[in-house]
Every structure is written in C-alpha cells, then in structure tokens.
Amino acid sequence: MKNNILCVRVNYDLSVEKAVKAGKYYWKDDDITDKNFPPKRSGSAEIDIQLVHFNKNMSSEDVLKELDKMGLRPAELPELLVLGTKYPNEQKRYPIIALGSVWRDLDGDCYVPFLFGGGSERELYLIYLGHGLSACCRFATVGK
C-alpha cells in the first residue's frame, strides 16, 4: 500500500458549481450538483488529504473498513474538488475517488465522485458502487 499526502485549504461553504468551475474540468457529470451533494460541513479548514492506494481490486465496503483501521475517513466532495483544483496533475496519473460523498439515484443505486484524466483533459465523474473498485484507484482520505 502506497500513500501520498497533499495539503489543501477547503472552503466548505463554496457551492459545488463554483468549486467545479474553479477546477476548470474539461467535462463533469451533470449529477454532481449542490442538490445531490449537500454540504456536510461549514467554514473552512486546512487539511491534509492522503491518497491511499491498496493496489488491488476492492469493494467500497472493504475500502471503508481498511480506512477506518488506519484512522482515516473518506474525503467528501468539497475536499476532492479542491484537491483537483490545487493539484490538477494528480488525476492524470490515476483516478482519485471520494467515498465520503454518496449520491443515490432514482433507482436506488449509489454513486461517488471521482477525478479522472489523461493527456491534457481532466474530468469529474460519478462511479457506481455496485461493482468492485479498480486496483489503479487512489482513495482521497482525511485523518479522523
């Protein structure tokens, strides 16, 4: 397991739309909105985001259990968005998932946001939690 730590200042009061705009993404999923991802926190804070890499395919439940054992919580959407803004090249190296913000669609399926990119393009997607998560992914986390 390899980890990478990046320092960011998060404004939890910034709307999802403004945070996405600040990130200058080439493309974003239309379901990534304030309505679908209401804020869980307020104010601002300087935090260290640790990118955790398990280097194996895992279910989201197993990832959450392992993070808990490590004293980490999964990053939330505002934290992921500021990470993408401050460190735009990280997502070009590997997908970065934020398991701390979950959206349930009309069918009851659960999705979480993730950063993805390649070449000059950076994108903001939702990934379905019904399948396993790839060994290439990094999980954005914050200390508890």
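Parameters at a glance
- Residues numbered from 1 in each chain as written.
- Predicted model: local features only at pLDDT ≥ 70, side-chain atom pairs only at ≥ 80, totals over all residues.
- Heavy atoms only, no water.
- Helix = DSSP H or I, 4+ residues; strand = E, 2+ residues; numbered from the N terminus.
- Rg over C-alpha atoms; globule rule 2.2 N^0.38 Å.
- Buried < 20%, exposed > 50% of the residue type's maximum accessible area, 1.4 Å probe, protein only.
- Contact = heavy atoms within 4.5 Å.
- Areas by Shrake-Rupley, 256 points an atom, 1.4 Å probe, with all protein chains shown as cover.
- Core = buried A, V, L, I, M, F, W, Y, C linked by side-chain atoms within 4.5 Å.

Visitor: A description of the overall build of the protein chain should follow, citing residues and the corresponding values.
Guide: Within the protein chain, the regular secondary structure consists of 4 helices and 9 strands. Against the compact-globule benchmark of 15 Å for 144 residues, the protein chain has a radius of gyration of 14 Å, which places it among compact chains. Once the C-alpha set of the protein chain is aligned to its principal axes, its extents read approximately 35 × 35 × 35 Å. Looking at the 144 residues of the protein chain, the share that counts as buried comes to 47%. Here the contacts in the protein chain between residues at least 6 apart in sequence split such that 74% fall between residues at least 24 apart. Here the protein chain displays about 7700 Å² of accessible surface, and carbon together with sulfur accounts for 49% of that area.

Visitor: Kindly report on the nonpolar core, identifying the contributing residues and their values.
Guide: Counting residues in each nonpolar core, the largest one holds 28 residues, and the members touching the most others are Ile49, Leu51, Leu80, Leu81, Ile96 and Leu124. At the level of elements, β1 (2-11), α1 (16-23), β3 (44-53), α3 (77-86), β8 (121-128) and β9 (138-143) are the ones that each hand at least two residues to this core. Setting aside its immediate chain neighbours within four residues, Ile96 contacts Leu51, Leu80, Leu83, Glu90, Gln91, Pro113, Phe114, Leu115, Arg138 and Ala140.

Visitor: A description of unusual backbone geometry should follow, citing residues and the corresponding values.
Guide: Positive phi, close to 50°, is recorded for Lys24, a residue that is not glycine. Mapped onto the secondary structure, Lys24 falls in the loop between α1 and β2 (27-28). Among the residues examined, Lys24 registers a relative accessible area of 70% and is labelled exposed.

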